[in-house]
Amino acid sequence: MKQSFNKWTLAAVAATALSLPLAGTAFAAQPTMLAASETVNKAEEAVSDTWITSKVKSSFLADKNLSALDIKVETNKGVVSLSGVVASDAERDLAISTAKTIKGVTAVSADGLKSAE
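The residue count restarts for each chain, going from 1 along the sequence in the order it is written. Per-residue local features of the predicted model are confined to residues with pLDDT of at least 70, and side-chain atom pairs are confined, for both listing and counting, to 80 or more; whole-chain, interface and lining totals are unaffected and use all residues. Hydrogens are left out, water is left out, and the side-chain values use all remaining heavy atoms of the structure.

Per an unreviewed UniProt entry, the protein chain carries the name Osmotically-inducible protein Y and comes from Pseudomonas tohonis. Within the UniProt record for the protein chain, the comment given under Subcellular location (unreviewed entry) is "Periplasm". UniProt positions are given in the numbering used here, feature names are shortened, and annotations may be inferred rather than shown by experiment.

This is the structure we're talking about:
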């Protein structure tokens, strides 16, 4: 009985001793994993903003009532900024309402979008 207890104790001590270097690595890897996660989140955000911009522009191009080439579209964290000059207030309003319908858009800023009227 005493011999099996000694073997078990020796095995537990050996396992603990062998795992110590790995524990240090795990703790050192945690900041790296957090940094990698943050980088992935930024990349996803950039992709989402790029996707939103593309979707807004393509929606403008598909609408014959909008002069899509005259409207500049930028997106930052889901907020779409429209700028340029359009023919009328109605076209400006249509551009704003169209941009708001795109999935992922949290707000639309059209301070830079002017009408020629």
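Back to the write-up after that little detour.
Peer 1: Looking at this model, I keep getting lost on the pairing of strand S3 (residues 107-115). Mind explaining?
Peer 2: Consecutive side chains along a regular strand alternate between the two faces of the sheet. At least two DSSP bridges between two strands are required for those strands to pair. Going along the chain from the N terminus, every DSSP run of H or I of four or more residues is numbered as a helix, and every run of E of two or more is numbered as a strand. Taken together, the 7 bridges between strand S2 (residues 79-86) and S3 define a ladder with parallel strand orientation. The residue bridging valine 79 from the neighbouring strand is alanine 107, located in S3.

Peer 1: Quick question: what am I supposed to make of the side chain of glutamate 91 here?
Peer 2: By the element assignment, glutamate 91 lies in helix H2 (residues 89-100). When a residue's accessible area, from a 1.4 Å probe over protein chains only, is under 20% of the maximum for its type it is buried; when over 50% it is exposed; and in between it is partly exposed. The charged-residue count follows a simple rule in which Lys and Arg add positive charge and Asp and Glu add negative charge, with His and chain termini not counted at all. For salt bridges, the criterion is a side-chain nitrogen of Lys or Arg within 4 Å of an Asp or Glu carboxyl oxygen. Lysine 57 is the oppositely charged side chain nearest to the buried, salt-bridge-free glutamate 91, at an N-O distance of 10 Å. A distance of 2.5 Å separates polar atoms of two side chains, one belonging to glutamate 91 and the other to serine 67. In this structure, glutamate 91 is in contact with Asn65, Leu66, Ser67 and Val86, ignoring residues within four places of it in sequence. Residues adjacent in sequence count toward polar contacts only when both atoms are side-chain atoms; beyond that, a polar contact is any pair of N or O atoms within 3.5 Å, and within protein one must be able to donate a hydrogen and the other to accept it. When checking whether two residues touch, look at their non-hydrogen atoms; a contact exists if any pair is within 4.5 Å.

Peer 1: Looking at this structure, how should I read the sheet that holds strand S1 (residues 71-76)?
Peer 2: A sheet is described by the order of its strands in space; here 3 strands give the open sequence S1-S2-S3, paired in mixed fashion. Looking at strand neighbours, the two that pair on one side only are S1 and S3, the edges of this open sheet. Between one strand axis and the next, the sheet turns by 10° as a mean value, whatever way the strands run. Pairing of S1 with S2, which is carried by 6 bridges, proceeds in the antiparallel orientation. Each residue of the ladder has a partner; that of asparagine 76, found in S2, is valine 79. Across the sheet, H2 touches S1, S2 and S3, and the angle it forms with S3 is around 160°. To get an axis, fit a line to the C-alpha atoms, keeping to the stretch in contact for a helix; angles then go from 0 to 180 degrees between the N-to-C directions.

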